[in-house]
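Single-letter residue listing:
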Amino acid sequence: MKSLLPRIEISLPKIRHNARVLSTLYRKKGISLMGVTKAILGEPLIARAMIGGGVKFIADSRIENILKMKAAGVSTSFVLLRTAFSQAESVVLGADISLNTELETILELSHQAKLLQKVHRIIIMAELGDRREGVMPCDFPAFIASVLSLPCIDIVGIGCNLACYGGIEPDNNNMGQLSILANTIEEKFSLKLPIVSGGNSANYRWYQRTLDSGRINNLRLGESILLGRETVNGEVIVGLHTDAFRLIAEVIESKDKSSLPSGTIGRDAFGNVPSFLDRGVHRRVIVALGRQDVPVSGLKSGECLEILGSSSDHLVLDGENTTLSVGKEVSFGLDYKALLSAMTSPFIAKSYVSQYS
Ligand SMILES: *Cc1c(COP(=O)(O)O)cnc(C)c1O
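Now for a description of the structure that goes with this document.

What counts, and where the lines are drawn
- Residues numbered from 1 in each chain as written.
- Predicted model: local features only at pLDDT ≥ 70, side-chain atom pairs only at ≥ 80, totals over all residues.
- Heavy atoms only, no water.
- Helix = DSSP H or I, 4+ residues; strand = E, 2+ residues; numbered from the N terminus.
- Buried < 20%, exposed > 50% of the residue type's maximum accessible area, 1.4 Å probe, protein only.
- Contact = heavy atoms within 4.5 Å.
- Pairing = 2+ DSSP bridges.
- Right-handed = clockwise from strand over helix to strand, strands pointing away.
- Salt bridge = Lys/Arg side-chain N within 4 Å of Asp/Glu carboxyl O.

**What about the overall build of the chain?**
Line of reasoning, step 1. A count of helices and strands for the chain gives ten helices and 16 strands.
Line of reasoning, step 2. Principal-axis analysis of the C-alpha atoms places the extent of the chain at approximately 75 × 40 × 40 Å.
Line of reasoning, step 3. Burial statistics for the chain: of 357 residues in total, 48% are counted as buried.
Line of reasoning, step 4. Of all intrachain contacts in the chain linking residues separated by at least 6 positions in sequence, the fraction that spans at least 24 positions is 66%.

Structure (structure tokens):
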């Protein structure tokens, strides 16, 4: 069978390996993992690879992705990372646990759970500086008291999320605050909080440096499992694969051309006035891939091919040191934003590799 182009090649053994290394590492200080599948559109095979590598939960921000994994027979505890009021019924039906920050929404979850004769489990998120989702710590006790009065809701933990909106690094200070919050709530309400979920792929450096991880016993990891990096500095985590995903596309033109456009420069396809470096006449390679498929700034060419620019459907490369001809394949590494859109594009086929390459 001829391979489809463009396609994203996904190495399941590499993802499983990354999940295993991270599970083993974090388990040393009693931290369990949620494997986060939102960047890969809840692909069931990838979720299975994460579970095979030892993650205890699968977490996604979209209930649709969770329903897709369940329909495919993935069996684990599913956590919904972002809860919308209007989806309360499917959240109760589809998710085992959801992350929450608003009383109105939890009230609706309780209402729907009652209709369905279920108990819905929640993790309440605390705002510890990143200024995205979360209940302010000073409001936490009153918030918990209100939730405890609801009949069909079970609080199974608290959590926080940093380094997403405000770029705030997890450190001993904010992680310490989360631990204190857990202890305070447990004492005040004679409650047990089995899950204290301290963050995401940005928590790696804190974890490596801290002598005491306190009450933190869970992290929610997407990028470090999928792409092998922590996210505060974008550094590779020792022992992990960074190339579990490769984007492969096809050369559709290869010609010697002047590197400078000729004529009067106006605006390009996106309304910008472009400028160019004079490289003389050189080999220019066009690949059938464009901004419609991926943000080109998120692509890394592995074959000494410099990316010169792109439009909606064409990627222009400096092919001076290559012998790429029409029909040949070119492969690219992806960063998180490129992975996210490549996995979502209807034009990019998905191809699973089950052997180590
Ligand atoms: C996306 C997300 C994560 C995972 O983030 P990574 O940087 O991919 O590890 C964790 N928690 C929440 C709430 C998220 O939205």
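**Section: the pairing of strand 2 (residues 32-36)**
Line of reasoning, step 1. Most of strand 2 is tucked away, with four of its five residues classed as buried.
Line of reasoning, step 2. Bridge count between strand 2 and strand 9 (residues 218-221): four bridges; the pairing is parallel. In the strand pairing of strand 9, Leu-33 is matched with Leu-219.
Line of reasoning, step 3. Looking at chain direction, strand 2 and strand 3 (residues 57-60) are connected through three bridges and run parallel. Bridging from a neighbouring strand, Val-36 pairs with Ala-59 of strand 3.
Line of reasoning, step 4. Since strand 2 and strand 3 lie parallel, the crossover through helix 2 (residues 44-52) that links them has a hand, and here it is right-handed.

**Re the pairing of strand 4 (residues 77-80)**
Line of reasoning, step 1. Looking at chain direction, strand 3 and strand 4 are connected through four bridges and run parallel. Of the residues in strand 4, the one forming a bridge with Ala-59 is Val-79.
Line of reasoning, step 2. Handedness of the crossover is the feature at issue here: the chain leaves strand 3, passes through helix 3 (residues 63-71), returns alongside strand 4, and the resulting connection is right-handed.
Line of reasoning, step 3. Bridge count between strand 4 and strand 5 (residues 97-100): two bridges; the pairing is parallel. Among the inter-strand pairings, Val-79 is bridged to a residue of strand 5, identified as Ile-97.

**A word on the pattern of salt bridges**
Line of reasoning, step 1. The full count for this structure, using the stated rule, is 15 salt bridges.
Line of reasoning, step 2. Between Lys-350 and Glu-43 there is a salt bridge, with its nearest N and O atoms 3.5 Å apart. One end of the pair, Lys-350, is in strand 16 (residues 349-353); the other, Glu-43, is in the loop between strand 2 and helix 2, with 307 residues separating them in the sequence.
Line of reasoning, step 3. The salt bridge partner of Asp-256 is Arg-283, with a shortest N-O separation of 3.2 Å. With Asp-256 in strand 10 (residues 245-258) and Arg-283 in strand 11 (residues 281-287), this pair connects stretches of sequence that are 27 residues apart.
Line of reasoning, step 4. When its relative accessible area of 25% is taken as the criterion, Arg-283 is described as partly exposed.
Line of reasoning, step 5. A cluster of three or more residues bridged by salt bridges with shared partners is formed by Arg-7, Glu-9 and Glu-329.

In short, the description is geometric, and any link to function would need to be established separately.
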